[in-house]
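Residue strings, one per chain:
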Amino acid sequence: RTYYVTSLSKSVVPALRIGYLATPPGGAQRLVASLGASSWMASPLMAEVAAGLIEDGTAEKLVERQRAEMKRRQALAAKILAAAERRAQPTGPSLWLALPEAWTALQFASYVGAQGVLVIPAEAFAAARDPVPHAVRISLGGAVRDVNELTKGLNVLAAALATRPQPGYLVL
């Protein structure tokens, strides 16, 4: 009863815009109509490149390299943000940073954004009007190209956590 969906663009090579879908027995036939309504087909060239990278082991090596880098970045974040409550996977590309009650997620995002650090309030990920964590999501990969840039950004976050927001502070 499980459908497994994955993309190679985040885990293997960003330019490799192709994914795979593994379905339970009989599941693929049920999806054909809905998939056909949203896309024609995968690019044959992309499919061939992806299959080659998987079959010769290159994809696995690239994934392991990314996991190792994300593990280093998570360790750096844990060190710099040691005083803060955070949740993350050990090799994940992001983490959730819990905020002190004095800050709203929007205030915090605006405050650190004015200092060049972009974070996303938890509300942006809410699928419904259910309560969301009092937190922001921090990306440790992607746009952060090197560890020096990441270190500077994490230090901005740590300093912000140690301050209180100014009354009415909001940059739009």
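No experiment lies behind these values; they were computed from the predicted model shown.

(A) Seen up close, the sheet that holds strand E5 (residues 120-121). Taken in spatial order, the 4 strands make up an open sheet running E3-E4-E6-E5, and their pairing is antiparallel. Only two strands of the sheet have a single partner each, and these edge strands are strand E3 (86-87) and E5. Sheet analysis places E3 next to strand E4 (residues 94-98), joined by 2 bridges and oriented antiparallel. When the bridges of E4 are listed, Arg 86 appears paired with Leu 97.

(B) Structural context of the pairing of strand E6 (residues 135-139). The pairing of E4 with E6 spans 5 bridges and is classified as antiparallel. Paired with Leu 97 across the bridge in E6 is Val 136. Pairing analysis gives 2 bridges linking E5 to E6, with the strands arranged antiparallel. Within the sheet, the bridge partner assigned to Ile 120 lies in E6 and is Arg 137.

(C) How the structure looks around the pattern of salt bridges. Going through the model one piece at a time under the given rule, you end up with 3 salt bridges. Its salt-bridge partner being Arg 67, residue Glu 64 comes within 2.6 Å of it at the nearest N-O pair. Here Glu 64 and its partner Arg 67 are both found in helix H4 (residues 58-80), 3 residues apart, which amounts to about one turn of the helix. In this structure, the salt-bridge partner of Arg 72 is Glu 69, at a minimum N-O distance of 2.9 Å. A residue pair is termed a helical-turn pair when its members lie 3 or 4 positions apart in one helix, as Arg 72 and Glu 69 do in helix H4 at 3 residues. Assessed through its relative accessible area of 52%, Arg 72 is described here as exposed.

Definitions and cut-offs
- Residues numbered from 1 in each chain as written.
- Predicted model: local features only at pLDDT ≥ 70, side-chain atom pairs only at ≥ 80, totals over all residues.
- Heavy atoms only, no water.
- Pairing = 2+ DSSP bridges.
- Helix = DSSP H or I, 4+ residues; strand = E, 2+ residues; numbered from the N terminus.
- Salt bridge = Lys/Arg side-chain N within 4 Å of Asp/Glu carboxyl O.
- Buried < 20%, exposed > 50% of the residue type's maximum accessible area, 1.4 Å probe, protein only.

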